[in-house]
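What follows is the residue order along each chain.
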Amino acid sequence: MSASPPVERTFWLGTSWKMTKSIAEAAKYADELAAAVDDIPNHVELFVLPPFTMISLVAQRLAHTRVRVGAQNAHWASSGAYTGEVSTSMVAEAGATIVEIGHSERRAAFGETDTTVNLKTKAVLSAGLRPLVCVGEPWEEREFGTASEYVVRQVKVALAGIPAHDISRVMVAYEPVWAIGDGGRPATASQVREMHSIIRAALVDRYGEAGEAVPLLYGGSVNQDNAAELASQEHVDGLFVGRAAWTADGYLSLARLVATTVQGVSA
Ligand code: PGA
């Protein structure tokens, strides 16, 4: 009897550019990525989330590649008098297929709440796109010993009313607030493993087997030094990166690194 070939695990590697880059810089990044992406093994799924004004340009430049392009936010209403907002159909028209929802910077600075995250997640799904729902606790919750309740509640409210047939398009990113950005310190492998298994259990509790398949990404100060260890933790199906992937070179080196780390892992 011949042994079955190892099943490769799909691993997500995404980056949000946050509010960085000019149009020229975005074009350069997209072109550098397009030129190199064929060398990244297919089991690494790649996505880039530029600012709204660059989605269309980046999507065009990456159109012939397998890199997905997305938005960092979208409003829940389909259209109307919402000055300064952008709808899901607008980002879809620009070329986005993924929409990040509820990043902690938006929760802290722009009034995003669990309720708006829920409305936006539903709107993204109705538009036929994939929501990337961000959750994560502030440091105090960890000190109080309430981090897991806090994060599970965020997940439950975000997904309230979302039927089982839509869950296969949802992705969740665990991004502890204290790990993100300048001054953040990356979560340890054991902190990530623990919270990912708690989130996984909540998803399975609600959606059964379909909850097993929801990609669970980790984000917060991911870099060249910690990416391999974080990527190899149980229930870590991807990494979501800010600063370390703000150059195409940085992003591509992380992609090569995780491709090797997760290669041939049995599903
Ligand atoms: P960082 O950002 O990698 O720069 O910490 C991560 C994020 O906010 O998703």
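Residues numbered from 1 in each chain as written. Predicted model: local features only at pLDDT ≥ 70, side-chain atom pairs only at ≥ 80, totals over all residues. Heavy atoms only, no water.

Colleague: What should I look at first to understand the site of the ligand in this one?
Modeller: In the vicinity of the ligand, the contacting residues are K18, H103, E175, I180, G181, G220, S221, F240, V241, G242 and R243. Residue K18 places a side-chain N or O atom 2.6 Å away from an oxygen atom belonging to the ligand. Protein contacts shield 99% of the accessible area of the ligand, which totals 280 Å² for the unbound molecule. The cavity where the ligand resides is the largest cavity. Across the shell around the ligand, the residue classes tally to 3 nonpolar, 5 polar and 3 charged. (Near = heavy atom within 4 Å. Polar contact = N/O pair within 3.5 Å; in protein donor to acceptor, adjacent residues only side chain to side chain. Areas by Shrake-Rupley, 256 points an atom, 1.4 Å probe, with all protein chains shown as cover. 1 Å grid on protein atoms, 1.4 Å probe; cavity = no way out; pocket = protein on both sides within 12 Å on 5 of 7 lines; lining within 4 Å. Sits in = over half its atoms within 2 Å of the grid points. Nonpolar A, V, L, I, M, F, W, Y, C, P; charged D, E, K, R; others polar.)

Colleague: When you look at the layout of surface pockets in this model, what are you seeing that I'm missing?
Modeller: A probe matching the size of a water molecule, rolled over the atoms, marks out where space remains unfilled. There is about 440 Å³ of room inside the largest pocket. Lining the largest pocket are 15 residues, and of these K18, M19, Q72, R106 and F110 lie nearest its centre. For the lining of the largest pocket, the class distribution of residues is 5 nonpolar, 5 polar and 5 charged. (Points joined across faces, edges and corners; volume = space filled by probe spheres on them.)

Colleague: Whenever I open this one, empty space enclosed by the protein confuses me. Can you help?
Modeller: Per the counting criterion, the structure on display carries 1 cavity of 30 Å³ or more. Approximately 140 Å³ is the volume found for the largest cavity. Along the walls of the largest cavity sit 15 residues, with K18, G220, F240, V241 and G242 positioned nearest its centre. Its residues assigned to classes, the lining of the largest cavity comprises 5 nonpolar, 7 polar and 3 charged.

Colleague: What exactly am I supposed to notice about helix 2 (residues 52-61) here?
Modeller: Because an α-helix packs 3.6 residues into every turn, residues spaced three or four apart end up facing the same way. Here helix 2 has its buried residues at M54, I55, L57, V58 and A59. On the buried face of helix 2, the contacting elements are helix 1 (23-36), strand 3 (68-71) and helix 3 (88-94). (Buried < 20%, exposed > 50% of the residue type's maximum accessible area, 1.4 Å probe, protein only. Helix = DSSP H or I, 4+ residues; strand = E, 2+ residues; numbered from the N terminus. Contact = heavy atoms within 4.5 Å.)

These values are about where atoms sit, not about what they do.
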